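The chain contents come next:
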Amino acid sequence: MENKQTRRKFLTAVSMLAAGTMVEASPLNFAFMGRKLKVVLVGTGIRGITFWGKRLVDTYSDTLEFVGLCDVNPGRLAFAKDYMGVKCSTCSNFDQMVQQNQPDLVIVTTTDSTHHEYIIRGLELGCDVLTEKPMTTDEDKCQQIIDAERKYNNKVIVGFNYRWIPYNTKIKELLREETIGKITSVDFNWYLNTYHGASYFRRWHGLRQTGGTLWVHKATHHFDLLNWWLDSDPMEVFAYGDLEHYGSANTFRGNNCRDCKHVDNCDFHWDITQSKMDMNLYVKNEKHDGYVRDNCLYREEINIYDKMSSQIKYANGTVVNYSLTTYSPFEGWRIAFNGTKGRIEAWHDIPYRKENPLSQEELHALEMTQNLKEVEGYKPMILHHLWKDHETVQVPMERGGHGGGDKRLHEKIFKLPNTQDPFDRAAGVRDGAMSILIGIGARKSIESGRPIKIAELTDLEPREKRL
Ligand SMILES: NC(=O)c1ccc[n+]([C@@H]2O[C@H](COP(=O)([O-])OP(=O)(O)OC[C@H]3O[C@@H](n4cnc5c(N)ncnc54)[C@H](O)[C@@H]3O)[C@@H](O)[C@H]2O)c1
């Protein structure tokens, strides 16, 4: 009885969290629950064991406990348990793990195309679910998740950490206050450098059937930001895309970087043996499932795009030009919002602006780490009202853990779910769906040569205003 009640309180909290609503008395206040939150994690890869694993153990062990870990690779599973420093059971059978341990929350960090299996089964088995982005990779799986959440009395949170980066929150604040009036159009360009961009082509992200292409795997972050910033749903997308740099576009290829005969003439050669973590997590466990982490990024089987460009029309009339590049000499992004009363220009890590002195390799390494120094200076954006001089808005910046977004997302979910968030940063199934549907629509547009209506893809109707 106690178990059912405390469980119900947690579920209520998560449902409100996912809907972005205020919770008066927090069931995620664990003293109130009377016991720790019981958590299982499925997918013990790098994101699972670090951000959703060891970081939760290190930071929130007084309020939550891992009661089970699950993965299809037994070697990675054993390493995960050791690395996270937990004593819970490990299992390759998800149903068995959930039935034996009766968790409150399932965290899904498997490869993208398998998220739906665990989201839906977790809901069916009476748990709430927190899934990594992208929520899933195609419209049919997306509809199945929407239906499952409607059917079962449990909720899904999508871990959109980019909303929690202070710089991005500042943009939301300025737009919400209509500082530049009604937004009519947006130019948004995202540049992945030859470290980060290339990394997607070395493993499962390079296959459309597992990562949904970068239109979904990566751009889900960007489309979610757009949807949230504009506070409207996407209505239609038209896109172009090609594979011109990686995959079959190159003249030579090897097996993987470790046994490649092109080491001397390949700019992308990567020595995985220098990384203890990658050796322990991936190379030592290749024998179980054949998952090669340092695959050749020129292999023929790569079937995703490395150059992407689209136009998106929103239900509130805003039009967006968006592009994603995967082999830029630098990593960063630029956005400009045109409004009826002015313009906002924001950007991140454009090297010519000389706001940071780090190399591209250092930037990539920092981006992937957690718990670094708090504030590392200020990041500007330009606010320009019509007929006036521009002003510069300075926002405190952080480097590690996706610009400080990772840790803020954790605080909201595991520490402060009962505080009202004026920026509506918590994301649920509808947010997860709307962000991937733009990318799925973009893929379909490239294949068909026509604009795709978002309403064609699932039974969700785009709304002029999101909430
Ligand atoms: N929000 C972010 O900024 C961010 C950053 C990195 C990764 N991610 C997301 O986290 C997820 C994991 O990414 P990663 O880099 O850790 O990948 P990874 O390859 O390191 O880990 C994936 C794990 O899932 C396991 N797996 C694969 N299929 C499975 C199945 N059917 N059942 C159970 N386990 C299965 C693999 O064995 C592997 O251990 C992805 O969805 C990715 O998009 C998000």
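What counts, and where the lines are drawn
- Residues numbered from 1 in each chain as written.
- Predicted model: local features only at pLDDT ≥ 70, side-chain atom pairs only at ≥ 80, totals over all residues.
- Heavy atoms only, no water.
- Pairing = 2+ DSSP bridges.
- Helix = DSSP H or I, 4+ residues; strand = E, 2+ residues; numbered from the N terminus.
- Axes fitted to C-alpha atoms, helices over the stretch in contact; angles between N-to-C directions.
- Contact = heavy atoms within 4.5 Å.
- Core = buried A, V, L, I, M, F, W, Y, C linked by side-chain atoms within 4.5 Å.
- Buried < 20%, exposed > 50% of the residue type's maximum accessible area, 1.4 Å probe, protein only.

## Focus on the sheet that holds strand β1 (residues 37-42)
Strand order in the open sheet formed by six strands is β3-β2-β1-β4-β5-β6, and the pairing between neighbours is parallel. Looking at which strands have only one partner, the edges of the open sheet turn out to be β3 (89-91) and β6 (156-158). For this sheet the average axis-to-axis angle between neighbouring strands, irrespective of direction, equals 25 degrees. Examined bridge by bridge, strand β2 (residues 64-70) and β3 share three bridges and lie parallel to one another. Paired with L69 across the two strands is T90, which belongs to β3. In this fold helix α5 (residues 94-101) packs onto β1, β2, β3 and β4 (105-108), with an angle of close to 150 degrees to the strand it touches most, β2. Together, β1, β2, β4, β5 (128-131) and β6 form the strand contacts of helix α17 (residues 405-414), whose direction differs from that of β5 by roughly 175 degrees.

## Some words on the nonpolar core
Counting residues in each nonpolar core, the largest one holds 90 residues, and the members touching the most others are I171, W229, I335 and F337. No other element matches helix α18 (residues 429-448), which puts eight residues into this core. In contact with I171, other than residues within four places in its own chain, are W229, W333, I335, F337, A346 and M381. Core analysis: the second largest hydrophobic core is formed by 30 residues, L77, F79, L130 and W204 among them.

## Side note on the pairing of strand β9 (residues 307-314)
Of the two faces of β9, only the one carrying M308, S310, I312 and Y314 is buried; K307, S309, Q311 and K313 on the other face are not. Of the pairings in the sheet, the one linking strand β8 (residues 234-242) to β9 comprises eight bridges and is antiparallel in character. Note on β9: the bridge partner recorded for G241 is M308. As paired strands, β9 and strand β10 (residues 319-328) are joined by seven bridges and run antiparallel to one another. Within β10, the residue paired with Q311 across the bridge is N321. Adjacent in sequence and paired antiparallel, β9 and β10 are bridged by four residues, among which G317 carries a positive phi angle near 95 degrees.

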